[in-house]
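The residues making up each chain are set out below.
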Amino acid sequence: MPTSSHATEPYPSELLTRLRTCRHLLVLTGAGVSQESGIPTFRDALNGLWGRFDPAQLATPEAFDADPPLVWGWYAWRRSQVLLCEPNPAHRAIAVLADRVPRLTLVTQNVDGLHQRAGSPAVLELHGSLHRPYCRACGHPHIPSDPQCEVSLEGAPLPPPRCERCRGPVRPGVVWFGEALPADVWDAAETAANTCDLVLVVGTSALVYPAAELPLTALTRGAAVVQINPDRTDLDDFATFRLGGTAAQVLPELVRQGWPDAGFG
Ligand code: BV8
Ligand code: ZN
């Protein structure tokens, strides 16, 4: 498998040719694509204020039902942090790629909304969004309030708002562990994995399912898979190409080398 370190050397010519000639590009992102915007990755989050909790224990319906203020406070704090961050050059390079290839399907595991803020027109959010809370009891959407007046900077526990329709507790609009992914979103992502000819896997540990199945599905059909990550993951053993480096280093450079005459930021 050809590999390259980040921006200092030419990327494999075979990869650049595949990128320029691909018919349908699938981009799958994880928390690593937002890391250079200042958002801790899921595992980094352990080093943050919430180091005393295992996020996978907080990201469950049981945790919310057992202690709604604790879980709602965590998500309200995360949303307040996200809204203080900006998309980084990786998000922007992915938005530019959508104009360079005939068809691009962007699938993200992230819930931060930064792809949309970077200008990506269509984002398949497999795990929902911090910005679309809804009623735990009746499903009625809840318009999130201004996060700055809602949580203390410490991200302290906070009682969730009440549903305007049934007075039930409002829950974060994310998919928790043990919850099904939105069927329409998952179907669209699976269809892309079954029709694409090139996959960029950016900033994911590829440990969470069924999202982690997508690159493997594409590989079994003969599509090429590019792993973009400064660290190793299980996917390295299967990927066609590996570009070791951070998302904000590699993706803009990939666009520059892929289309040297088109100019990019
Ligand atoms: C479900 C929202 C079934 C919440 C999240 C097999 C099949 C199906 C399910 C399972 C299965 N095996 C196990 C399961 C259950 C479970 C699961 O996968 N568990 C894991 C822990 C084994 N899956 C589920 O529960 C899913 N639901 O399957 O339902 C079902 C069906 C019908 C009816 C009922 C149920 C739901 C999973 C969704 C969970 N929600 N997020 C929230 O955000 O709080 S998951 C959350 O964690 C993220 O969304 C993300 O998906 C995951 C974290 O992964 P990453 O994004 O990869 O982040 P991580 O920190 O791990 O890694 C970052 C990477 O970036 C690293 O590699 C690092 O090196 C790299 N990096 C760092 N800096 C940079 C960088 N890369 C580039 N540039 C940088 N600068
Ligand atoms: Zn309700």
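Residues numbered from 1 in each chain as written. Chains lettered and ligands numbered in written order. Predicted model: local features only at pLDDT ≥ 70, side-chain atom pairs only at ≥ 80, totals over all residues. Heavy atoms only, no water.

Taken together, the neighbourhood of ligand 1 is formed by 35 residues, with Arg43, Tyr75, Gly178, Thr204 and Ser205 sitting nearest. Within the contact set of ligand 1, an oxygen atom lies 2.8 Å away from a backbone nitrogen or oxygen of alanine 31. Contact distances for ligand 1 include 2.7 Å between an oxygen atom and a backbone N or O atom of glycine 178. Relative to its unbound accessible area of 1,500 Å², ligand 1 is 74% covered by the protein chains. Elements with a contribution of two residues or more to the shell around ligand 1: α2 (32-35) and α5 (68-82). (Near = heavy atom within 4 Å. Polar contact = N/O pair within 3.5 Å; in protein donor to acceptor, adjacent residues only side chain to side chain. Areas by Shrake-Rupley, 256 points an atom, 1.4 Å probe, with all protein chains shown as cover. Helix = DSSP H or I, 4+ residues; strand = E, 2+ residues; numbered from the N terminus.)

Here we take up helix α9 (residues 213-220). Turning to α9, its buried residues are Leu214, Pro215 and Ala218. The buried side chains of α9 occupy one side of the element, clustering within an arc of 95° when seen end-on. Buried residues along α9 sit against β2 (25-29), β3 (104-108), α8 (183-193), β7 (198-202) and β8 (224-228). Immediately beyond the C-terminal end of α9, within one or two residues, lies glycine 222, with a positive phi of roughly 95°. (Buried < 20%, exposed > 50% of the residue type's maximum accessible area, 1.4 Å probe, protein only. Arc of directions from axis to C-beta. Contact = heavy atoms within 4.5 Å.)

Much of the literature gives interface size as the accessible area that the parts lose upon coming together. In terms of domain boundaries, the chain breaks down into domain 1 (1-39 + 87-129 + 181-265) and domain 2 (40-84 + 134-171). In this complex, domain 1 contributes ten residues to the contact, which on the side of domain 2 involves eight residues. Carbon and sulfur atoms supply 63% of the area buried between domain 1 and domain 2, which totals about 670 Å² over both sides. For domain 1, the biggest contributors to the area lost against domain 2 are Ala31, Ile39 and Arg117; these three give 53% of the whole. (Domains from an automatic or database assignment. Buried area = accessible area lost by both parts, 1.4 Å probe.)

It is worth spelling out the environment of proline 144 at this point. Turning to its location among the elements, proline 144 is positioned in the loop between β5 (134-135) and β6 (170-171). Proline 144 sits in the partly exposed class, given a relative accessible area of 26%. Distance from proline 144 to histidine 131, taken between C-alpha atoms, is 6.7 Å for residues 13 residues apart in sequence. Other than its neighbours up to four places away in sequence, proline 144 contacts Arg79, His131 and Pro133.

On the protein side, the zinc ion (ligand 2) has Cys135 (SG), Cys138 (SG), Cys163 (SG) and Cys166 (SG) as donor atoms, found 2.2 to 2.4 Å from it. All donors of the zinc ion (ligand 2) come from a single chain, and their spacing in sequence reads C-x2-C-x24-C-x2-C. A residue pair is termed long-range when its members are at least 10 positions apart, and cysteine 135 in strand β5 and cysteine 163 in the loop between β5 and β6 qualify at 28 residues. Take cysteine 135: its relative accessible area is 1%, and that puts it in the buried class. (Donors = N, O, S within 2.8 Å, 3.2 Å for Na, K, Ca; no water.)

A separate point is the packing of helix α6 (residues 89-100) against helix α10 (residues 247-258). One can describe the packing of α6 onto α10 by two numbers: an axis separation of 8 Å at closest approach and a directional angle of 25°. Comparing their axes, α10 and α6 come out roughly parallel. Where α6 crosses over α10, the two elements pack in a sense that is left-handed. Across from Pro89, Ala90, Ala93, Ile94, Val96, Leu97 and Arg100 in α6, the residues of α10 making contact are Ala247, Ala248, Leu251, Pro252 and Val255. The residue inventory of the contact of α6 with α10, partitioned by class, reads eleven nonpolar, no polar and one charged. (Axes fitted to C-alpha atoms, helices over the stretch in contact; angles between N-to-C directions. Parallel < 35°, antiparallel > 145°, perpendicular 65-115°, else oblique. Left-handed = near helix turned anticlockwise from the far one by under 90°. Nonpolar A, V, L, I, M, F, W, Y, C, P; charged D, E, K, R; others polar.)

Residues Leu25, Leu200, Leu251 and Leu254 are the most contacted members of the largest nonpolar core, which totals 30 residues. Each residue touching leucine 200, except ones within four places of it in the same chain, is listed here: Leu25, Leu26, Val27, Leu28, Leu97, Val226, Leu251 and Leu254. If you look at the next biggest cluster of nonpolar residues, it comprises 22 residues, including Leu26, Ala193, Ala223 and Ala239. (Core = buried A, V, L, I, M, F, W, Y, C linked by side-chain atoms within 4.5 Å.)

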